[in-house]
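Chain by chain, the residues:
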Amino acid sequence: MAEEIKYTPQTWPEHPETANLEGKNKFLGFWLFLGGETVLFASLFATYLALKDKGPEGMTFTTQSLFSEGLPLVFLMTMLLLTSSLTSVYAMYHMKNFNFRGMQTWMAITVLLGLGFLALEIYEFYHYVHIGFYFSQSAFSSAFFTLVGTHGLHVVIGLGWIILLMLRNAKRGLSVYNAQKYYTASLYWHFIDVVWVFIFTVVYLMGVMG
Amino acid sequence: MGHDTHVVVAKNKTQYEYARRKRSHHMQMQVVTFAIMIFLTFIAFATVAAGMSAFYVAPVILLLAAVQVVLQLYYFMHMSDKGHNMAAFFLYSGALFGFTFIITFLTIVWW
């Protein structure tokens, strides 16, 4: 960490996330990673679409029987995640205004909303397993849990990442050294929401329609 | 790390006020974007909850999802800002592979 410059709101760069070479590289590399993540999720979506409602002879689970009842809950999860996307936009707004406390506060709100989403998802999965729709029950269940579970894993990683960033930088204040780290984490968080929009539409909404 | 490509320049009062106002205006636009996304999600949910024919509803909610994703990418993730050509290239390359996967799986995998 060779960042010695003490910034003020007047000298703080317009784009602090790409103010040095490391930031520029990280920005480019992270978007390449997101391109890869797109491929990962697309392959899981493809698998799910090919295998949904498919399973052993006599299987009674269908997307309609599973998702109809809990659709309002999934709608609430979507709202939580979408709102957490906005709160991380607020965090980046404060970052660009050189307001460290504002950024930390909005990141903390993002984490709380993310935790709410995660709690509901764990409840949902618990419910499915409880009624006999466990991971190895059918091709359908495996494809479902792999797709939605991989997204859930991304939420867990995103939350852990943001919490660690907030703790590690709590006493450091804002610099071009850590601004790029927060910016990257917020991009990741938005991407998680992008994937969820498709899960909500393709898995749940289209599942309920049958 | 070193290699700073940014030269530290202090903004004068006018420049600083201008930049602040611009950011604040930008933030207002983000809130509008958010409101649109919430609205689209609600419409999608409501059309499905109303139990209309899947033949009509499916393309509509897929379109609503696509619009939301575009808003998320271009506004929340700043792809509409300058210097995002490579970002768009990476993402669209990934999406191109992704669509190929989905079309392939839907046509060659059967039970």
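Parameters at a glance
Residues numbered from 1 in each chain as written. Chains lettered and ligands numbered in written order. Predicted model: local features only at pLDDT ≥ 70, side-chain atom pairs only at ≥ 80, totals over all residues. Heavy atoms only, no water. Contact = heavy atoms within 4.5 Å. Buried area = accessible area lost by both parts, 1.4 Å probe. Salt bridge = Lys/Arg side-chain N within 4 Å of Asp/Glu carboxyl O. Polar contact = N/O pair within 3.5 Å; in protein donor to acceptor, adjacent residues only side chain to side chain. Nonpolar A, V, L, I, M, F, W, Y, C, P; charged D, E, K, R; others polar. Phe/Tyr/Trp six-rings, centres within 6.5 Å; stacked < 30°, edge-to-face > 60°. Helix = DSSP H or I, 4+ residues; strand = E, 2+ residues; numbered from the N terminus. Buried < 20%, exposed > 50% of the residue type's maximum accessible area, 1.4 Å probe, protein only. Expected span 1.5 Å × (residues − 1). Domains from an automatic or database assignment.

1. Regarding the interface of chain A and chain B
Taken together, the contacts link 64 residues of chain A with 56 residues of chain B. Of the roughly 5600 Å² buried where chain A meets chain B, counting both sides, 76% is carbon and sulfur surface. Ranking the residues of chain A by area buried against chain B places A:Q10, A:W31 and A:M209 at the top, with a combined share of 12%. In this structure, the connection of chain A to chain B is made through two salt bridges. Between B:R23 and A:E14 there is a salt bridge, with its nearest N and O atoms 3.8 Å apart. One can count seven residue pairs in polar contact (both at pLDDT 80 or more) joining chain A with chain B. Residue composition of the side of chain A that touches chain B, grouped by class: 42 nonpolar, 15 polar and seven charged.

2. Regarding the packing of aromatic side chains
All names here are of chain A. Inspection of the entire model under this criterion finds 30 aromatic pairs over all chains. Look at F133 and F144: their rings are 6.0 Å apart centre to centre, the planes differ by 55 degrees, and that puts the pair in the tilted class. With F133 in the loop between α4 (100-130) and α5 (139-168) and F144 in helix α5, the pair connects residues that are eleven residues apart, well separated along the chain. Across this residue pair, the class does not change: F133 and F144 are buried.

3. Observations regarding the side chain of A:H190
Mapped onto the secondary structure, A:H190 falls in helix α6 (residues 176-209). Residue classification places A:H190 among the buried residues on the basis of a relative accessible area of 0%. A polar side-chain atom of A:H190 sits 3.5 Å from the main-chain carbonyl oxygen of B:F76. Ignoring sequence-local partners within four residues, the contact set of A:H190 consists of A:S85, A:S88, A:V89, B:Q72, B:F76 and B:M77.

4. Some words on helix α1 (residues 13-49) of chain B
In an α-helix, one turn spans 3.6 residues, which is why side chains three or four residues apart end up on the same side. Residue and element names in this part refer to chain B. Between the first and last C-alpha of α1 there are 54 Å, a value that for 37 residues agrees with the 54 Å anticipated at 1.5 Å per step. Capping of α1 at its N-terminal end is provided by N12; its side-chain oxygen lies 3.1 Å from the backbone amide nitrogen of T14. Two residues or fewer past α1, G51 is found with a positive phi of approximately 75 degrees.

5. Some remarks on the environment of A:P9
With respect to the helices, strands and loops of the structure, A:P9 is situated in the segment before α1 (21-51). Residues A:P9 and A:M206, 197 residues apart in the sequence, show an inter-C-alpha distance of 48 Å. Excluding its chain neighbours within four sequence positions, the residues that come into contact with A:P9 are A:F98 and B:Y16.

6. Examining unusual backbone geometry
Residues and elements named next belong to chain A. The phi torsion at D53 lies on the positive side, around 65 degrees, for a residue other than glycine. Topologically, D53 is positioned in the loop between α1 and α2 (63-67). At F98, a position not held by glycine, the phi torsion is positive, near 60 degrees. Turning to its location among the elements, F98 is positioned in the loop between α3 (71-96) and α4.

7. Focus on the domain arrangement of chain B
Residues and elements named next belong to chain B. Segmentation of chain B into domains returns domain 1 (1-78) and domain 2 (81-111). Using only C-alpha atoms to locate each centre, domain 1 and domain 2 end up separated by 21 Å. Listed as interface residues are four residues of domain 1 and, on the opposing side, four residues of domain 2. Across the domain 1/domain 2 interface, buried area totals approximately 350 Å², and carbon plus sulfur atoms make up 40% of it. Three residues, L73, Y74 and H78, lead the burial of domain 1 against domain 2; their summed loss comes to 87% of the area buried on that side. Viewed at the interface, domain 2 and domain 1 are joined by zero salt bridges. Here domain 1 and domain 2 share three residue pairs in polar contact (both at pLDDT 80 or more) between them.

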